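Report on the structure
The chain contents come next:
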Amino acid sequence: MQKKKQWLIGGVIVLCLLISIFLQARPSEPSGKDFAGEDYVALIRVEGPIVASAGPAGLFGGIESASSERLMREFREAAKDEHAKAVLVRINSPGGSATATQEIGTEMDRLRAAGKPIIISMGDTCASGGYWMAAKGDYIYANPSTLTGSIGVIIGYTNYRELLEKIGVTSDPIKSGEHKDILSPNRPMTEEERALLQDMVNDIYSQFVDVVAAGRRLEPARVRELADGRVFTGRQAKELGLVDALGNHYDALAYTAGLVGLDPEDTPVREYGEQTPWQQIFGTQLQAALQETLAHAFSQSLTEFTARLRAAESEVPHVR
């Protein structure tokens, strides 16, 4: 009976170790066939809202998002990859965090500075922060029905004070400064606070306009005429100079291949950022929690197994 328990504990340890090793697989590594020194187009996907740090949704729910941490890493890897002659960025995003978008855009600038062209392929939607990223590309493809544009900045604010008072809830914060609870939903915004926030929005908006003006080689005044937050179809955007051509993902891929001397009809593609099977099932955040739990279980099992071995050794007669 004792021996069966020891085998069981040992089996649990081995299983935990194997799962832990499997989970350690880095999803940001280039995946696909072995190119054996062959040159190719690198493919990077931007799917969902752009956020500072998150991951793809798993089988158990959540919203798929475009993590700036992941995308920055992938653009850096593409810059160092000597066989990645160009990068095709497939964007299907409504936008998101201005700061996260800016972080990604900085890495795109560095990639271009390394001499690698960046081609953009727009999916269903490439708006707001998605368009900020697109403007960093050398050439932009959109489908005629793609929704793009939405050049602008917004800070959301909702005031629940009257609703809270109706149900007998009051708020009386203790704060270190007059504006520490700015944007609090528990009270109306003051005119001074509105002016402060408007200055912030205007500053980030100006940065957005500068990115579009530089990327699309347009005058800032012309960009501001288009940058009132409205969205455009891909066909409208082309007429306005916000995209370069109409076409789908494979049209963009063929153009990218021809740009760097690869076969447009049979282009080698290496995709960055493919998910591990565990990420596809659980999502990135749940995977991290599961990995931590397994690591803890492995540590406990190893400690228990070692203690049992020592106890067994003490019962065995020793020849001295």
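Owing to the predicted nature of the structure, the values given are computational and were not obtained by experimental measurement. (Residues numbered from 1 in each chain as written. Predicted model: local features only at pLDDT ≥ 70, side-chain atom pairs only at ≥ 80, totals over all residues. Heavy atoms only, no water.)

Observations concerning the packing of helix 2 (residues 68–80) against helix 3 (residues 98–113)
Helix packing for two helices is described by the angle between their axes and how far apart those axes are. Where helix 2 meets helix 3, the closest approach of the two axes is 9 Å, and the angle between their N-to-C directions is 0°. In terms of their interaxial angle, helix 2 and helix 3 are classed as roughly parallel. Judged by residue contacts, S68, L71, M72, F75, R76, A78 and A79 of helix 2 engage A100, E103, I104, E107, M108, R110 and L111 from helix 3. For the contact of helix 2 with helix 3, a count of residues per class yields 9 nonpolar, 1 polar and 4 charged. (Axes fitted to C-alpha atoms, helices over the stretch in contact; angles between N-to-C directions. Helix = DSSP H or I, 4+ residues; strand = E, 2+ residues; numbered from the N terminus. Parallel < 35°, antiparallel > 145°, perpendicular 65-115°, else oblique. Contact = heavy atoms within 4.5 Å. Nonpolar A, V, L, I, M, F, W, Y, C, P; charged D, E, K, R; others polar.)

Regarding the side chain of E107
Within the fold, E107 resides in helix 3. Looking at E107, its side chain comes within polar contact range of the side chain of R110, at 2.6 Å. Apart from residues lying up to four places away in sequence, E107 is in contact with M72, F75 and R76. (Polar contact = N/O pair within 3.5 Å; in protein donor to acceptor, adjacent residues only side chain to side chain.)

Let's talk about the pairing of strand 1 (residues 40–47)
With 6 of its 8 residues buried, strand 1 lies for the most part within the structure. Both strand 1 and strand 4 (residues 84–93) contribute to a ladder of 8 bridges, which runs parallel. Bridge pairing in strand 4 links V41 to A86. In terms of strand pairing, strand 1 meets strand 10 (residues 269–271) through 3 bridges, oriented parallel. In the sheet register, V41 faces strand 10, and the bridge partner there is V269. (Buried < 20%, exposed > 50% of the residue type's maximum accessible area, 1.4 Å probe, protein only. Pairing = 2+ DSSP bridges.)

A short note on the confidence of the model for the protein
Taken over all residues, the pLDDT of the protein has a mean of 82, while the share at 70 or more is 71%. Here residues 23–32 scores under 50 on pLDDT; set against residues more than four positions off or in separate chains, the count is 27 contacts. Under a pLDDT of 50 for its full length, residues 282–286 has, in the predicted model, 14 contacts with residues more than four places off or in other chains. (pLDDT = per-residue confidence, 0-100.)

Here's the deal with the pattern of salt bridges
Using the criterion set out here, one finds 13 salt bridges in the structure. In this structure, R70 and E74 form a salt bridge, with 3.0 Å as the shortest nitrogen-oxygen distance. Here R70 pairs with E74, and both are found in helix 2, just 4 residues apart, close to one helical turn. Taking the relative accessible area as the measure of exposure, R70 reaches 18% and is therefore buried. With a closest N to O distance of 2.9 Å, D109 and K136 form a salt bridge. Highlighted residues: D109 in helix 3 and K136 in the loop between helix 4 (129–134) and strand 6 (139–142), separated in sequence by 27 residues. Of the residues examined, D109 reaches a relative accessible area of 34% and is grouped as partly exposed. Through salt bridges that share partners, K175, D181, R187 and E193 make up one connected network. (Salt bridge = Lys/Arg side-chain N within 4 Å of Asp/Glu carboxyl O.)

Considering the pairing of strand 4
With 8 of 10 residues buried, strand 4 is to be regarded as a mostly interior element. The pairing of strand 4 with strand 5 (residues 118–127) spans 6 bridges and is classified as parallel. Residue L88 lies in a different strand from strand 5, and its bridge partner there is I119.

Remarks on the packing of aromatic side chains
Pairs of aromatic rings are described using the distance from one ring centre to the other and the angle between the two planes. A full pass over the atoms with the stated rule returns 4 aromatic pairs. Ring centres of W132 and F208 lie 4.9 Å apart, and the angle between their planes is 35°; this geometry places the pair in the tilted category. Here F208 lies in helix 6 (residues 191–216) and W132 lies in helix 4, a separation of 76 residues in the sequence. Each of the two residues, W132 as well as F208, counts as buried. Aromatic side chains Y139 and Y255 sit 4.3 Å apart centroid to centroid with 20° between the ring planes, which places their arrangement in the stacked category. Of this pair, Y139 sits in strand 6 while Y255 is found in helix 9 (residues 249–259), placing the two residues 116 residues apart along the sequence. Overall, Y139 belongs to the partly exposed group, its relative accessible area being 22%. Overall, the relative accessible area of 28% leaves Y255 in the partly exposed class. Clustering of aromatic rings is evident, with ring pairs tying together Y139, Y141 and Y255. (Phe/Tyr/Trp six-rings, centres within 6.5 Å; stacked < 30°, edge-to-face > 60°.)

Notes on helix 9
Along helix 9, the residues classified as buried are H249, A252, L253, T256 and A257. Seen along its axis, helix 9 keeps its buried residues to an arc of 135°; they face one direction. Turning to helix 9, the residues buried within the fold contact strand 1, strand 4, strand 5, strand 6 and strand 10. Backbone nitrogen of Y250 and a side-chain oxygen of the N-cap are separated by 3.0 Å at the start of helix 9; the cap is N248. Trailing helix 9 by a residue or two, G261 shows a phi angle of about 80°, which is positive. (Arc of directions from axis to C-beta.)

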